[in-house]
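The residues making up each chain are set out below.
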Amino acid sequence: MEVIDAILLGIIQGLTEFLPVSSSGHLELGKAILGDNSVPEESLLFTVVLHFATALSTIVVFRKDIFDIIKGLFAFKWNEDTQFVAKIAVSMLPAAIIGFTFESELSALFGGNIKLVGFMLIITALLLYLTDKAKNTNKKVSFSNALVIGFSQAIAMLPGISRSGATISTSVLLGNDKTKAARFSFLMVVPLIFGKIAKDILSGELTYDSQNFTALSIGFVAAFISGLFACTWMIALVKKSKLKYFAYYCVIVGLIAIGVSFYN
């Protein structure tokens, strides 16, 4: 892999992991526009490295929160921190069950169906727009909220539905505080990322070529730095109700994708 490809893929991974524009949807659009053979295919190892970088950037941004949660867990009491971890576990169930049960059906959707991507991007836009219109509160995410947010994360497996956009929007529309909604959304994905990394490692399909060390390292750094930026920026945008600009972007790209699909 060329160094420039590693940098670009790292930046794309870091930004789209947190910004509500659907990385999977944009990848499908890229394949449709450039052709499958024109889009650099990430090796499994490179994918794992980039995902680890974005997970690490999340941990760095929320390091104080995570430290407090761990400290609360070691109190061995049913306190606020223990409850938060339990809510994260509840939120993971829908995506884990649906992803495992319908893995082949979901994979079949990633075949250059840009019309589907277009409609899903418009749905993402609607969610983001409604989120900006919602009034802010001091409400915390409840267990029932966590389950509903978990289903949103499962639905975000569809190309064109943004994971961060869907989960934050669902949480805010349920009446939760916007900053707490963003915090929950970003922290809930960390266990899933590490779970996916563990699955890929245990699959035995990872291969390492020392010649790719430079590309892997640069890709990691690019994903980590862009992830730090995107995560911090996204929290500020949610708090200031600035998601509508991403909504406009998703509508424009979605309509273009639907229009182009009629000529393919």
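The shown structure was predicted, so the numbers you read here are calculated from the model rather than taken from an experiment. (Residues numbered from 1 in each chain as written. Predicted model: local features only at pLDDT ≥ 70, side-chain atom pairs only at ≥ 80, totals over all residues. Heavy atoms only, no water.)

Novice: Explain the overall build of the protein here, please?
Specialist: Across its full length, the protein carries 12 helices and zero strands. Looking at the 264 residues of the protein, the share that counts as buried comes to 43%. A separation of at least 24 residues holds for 84% of the contacts in the protein among residues at least 6 apart in sequence. With the model as given, the accessible surface of the protein reaches about 13600 Å², and the carbon-plus-sulfur share is 69%. (Helix = DSSP H or I, 4+ residues; strand = E, 2+ residues; numbered from the N terminus. Buried < 20%, exposed > 50% of the residue type's maximum accessible area, 1.4 Å probe, protein only. Contact = heavy atoms within 4.5 Å. Areas by Shrake-Rupley, 256 points an atom, 1.4 Å probe, with all protein chains shown as cover.)

Novice: I keep staring at the packing of aromatic side chains and nothing clicks. Help me out?
Specialist: The relation between two aromatic rings is expressed through the spacing of the ring centres and the mutual angle of the planes. In this structure the tally under the stated criterion is 11 aromatic pairs. Relative to Phe-194, the ring of Phe-52 has its centre 6.1 Å away and its plane inclined at 70 degrees; by these criteria the two rings are edge-to-face. Highlighted residues: Phe-52 in helix α3 (residues 44–61) and Phe-194 in helix α10 (residues 178–202), separated in sequence by 142 residues. Aromatic side chains Phe-220 and Phe-224 sit 6.4 Å apart centroid to centroid with 0 degrees between the ring planes, which places their arrangement in the stacked category. With Phe-220 and Phe-224 both in helix α11 (residues 213–239) and four residues apart, the pair spans about one turn of that helix. Each residue in the set Phe-52, Phe-194, Phe-220 and Phe-224 is aromatic and connected to the rest through ring pairs, giving one cluster. The aromatic ring of Phe-143 is capped on one face by Lys-87, whose charged end is 5.6 Å from the ring centroid. Over the face of the ring belonging to Phe-84 we find Arg-183, whose NZ or CZ atom lies 4.5 Å from the ring centre. (Phe/Tyr/Trp six-rings, centres within 6.5 Å; stacked < 30°, edge-to-face > 60°. Lys NZ or Arg CZ within 6 Å of the ring centre and 35° of its normal.)

Novice: Sorry, what's going on with the packing of helix α5 (residues 80–101) against α10 here?
Specialist: Two elements in contact, α5 and α10, have axes whose closest approach is 9 Å; the angle formed by their N-to-C orientations is 70 degrees. By the angle class used here, α5 and α10 are roughly perpendicular. α5 and α10 meet at a crossing whose hand is right-handed. Contacts between α5 and α10 pair Phe-84, Lys-87, Ile-88, Ser-91 and Met-92 from the former with Arg-183, Phe-184, Leu-187, Met-188, Pro-191 and Leu-192 from the latter. (Axes fitted to C-alpha atoms, helices over the stretch in contact; angles between N-to-C directions. Parallel < 35°, antiparallel > 145°, perpendicular 65-115°, else oblique. Left-handed = near helix turned anticlockwise from the far one by under 90°.)

Novice: Just to check I follow, could you spell out the side chain of Ser-171 for this structure?
Specialist: Among the structural elements, Ser-171 can be located in helix α9 (residues 163–173). Non-local contacts of Ser-171, meaning those with residues more than four positions away in its chain, are made with Val-141, Ile-149, Asn-176 and Ala-181.

Novice: I'm lost on the nonpolar core in this one. Help?
Specialist: Burial of nonpolar side chains together is a common tendency in soluble globular proteins. Counting 36 residues, the largest nonpolar core has Leu-29, Ile-168, Phe-184, Phe-186, Met-234, Leu-243 and Phe-246 as the members making the most contacts within it. Looking at this core, the elements with two or more residues in it are α5, α7 (114–133), α8 (143–155), α9, α10, α11 and α12 (244–261). It is α10 that contributes the most residues to this core, six residues altogether. When residues no more than four places from it in sequence are discounted, the contact partners of Leu-29 are Ile-114, Val-117, Leu-121, Val-253 and Ala-257. Counting 11 residues, the second-largest nonpolar core is a separate cluster that includes Ala-6, Leu-9, Leu-45 and Ala-215. (Core = buried A, V, L, I, M, F, W, Y, C linked by side-chain atoms within 4.5 Å.)

Novice: Whenever I open this one, the side chain of Ser-152 confuses me. Can you help?
Specialist: Mapped onto the fold, Ser-152 is located in helix α8. The class of Ser-152 is buried, set by a relative accessible area of 11%. Sequence-distant contacts of Ser-152, defined by excluding residues within four places in its chain, comprise Ala-166, Thr-167 and Thr-170.

Read these as spatial facts, not as claims about activity.
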